[in-house]
Amino acid sequence: MTIEYSVLPDPTITCQNCQACCCRLEVRLLTDTGVPQYFITENAHHVEVMKRHADGWCAALDRNTLMCTIYAYRPLVCREFEMGSYECKIERAEVLGITD
Ligand code: SF4
Ligand code: SF4
């Protein structure tokens, strides 16, 4: 798998043809954005993270629409994860096998 690095996000990439690949990553809660407590757990290092279910996706993801159900309260990490960025491309490649 080869993903070309670029400082600028790739404008051809959109969440519309993705499957919320980045919502399978561990999301640490670095600040309080109002995430409901029932979506929060602790990882092995006792750091607060978003809960994930057995399918790997975040507990706050709607499995039918693949949309975030707490969008207005989503963690800082989610707000800063940029569509079309290098990290986004890595997740798409790993989950979907897309290397656009
Ligand atoms: S991996 Fe990228 S394209 Fe897919 S949902 Fe996340 S930000 Fe959007
Ligand atoms: S909080 Fe929302 S945006 Fe963040 S990983 Fe969960 S479903 Fe995705």
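Look a little higher up for the structure.
All values reported here derive from a predicted model rather than from experimental measurement. (Residues numbered from 1 in each chain as written. Chains lettered and ligands numbered in written order. Predicted model: local features only at pLDDT ≥ 70, side-chain atom pairs only at ≥ 80, totals over all residues. Heavy atoms only, no water.)

## Notes on the pattern of salt bridges
Thought 1: Going through the model one piece at a time under the given rule, you end up with three salt bridges.
Thought 2: Among the salt bridges present, the one from Glu26 reaches Arg28, with a minimum N-O distance of 3.4 Å. (Salt bridge = Lys/Arg side-chain N within 4 Å of Asp/Glu carboxyl O.)

## Quick word on the site of ligand 1
Thought 1: Inspection of the region around ligand 1 gives Thr14, Cys15, Cys18, Ala20, Cys21, Cys22, Phe81, Met83, Cys88 and Arg92 as its neighbouring residues.
Thought 2: Partitioning the shell around ligand 1 into residue classes produces eight nonpolar, one polar and one charged. (Near = heavy atom within 4 Å. Nonpolar A, V, L, I, M, F, W, Y, C, P; charged D, E, K, R; others polar.)

## Re the site of ligand 2
Thought 1: Within the structure, ligand 2 sits among Cys23, Val27, Met50, Cys58, Ala60, Leu61, Cys68, Pro75 and Cys78.
Thought 2: Put simply, ligand 2 lies in the largest pocket.
Thought 3: Its residues assigned to classes, the shell around ligand 2 shows nine nonpolar, no polar and no charged. (1 Å grid on protein atoms, 1.4 Å probe; cavity = no way out; pocket = protein on both sides within 12 Å on 5 of 7 lines; lining within 4 Å. Sits in = over half its atoms within 2 Å of the grid points.)

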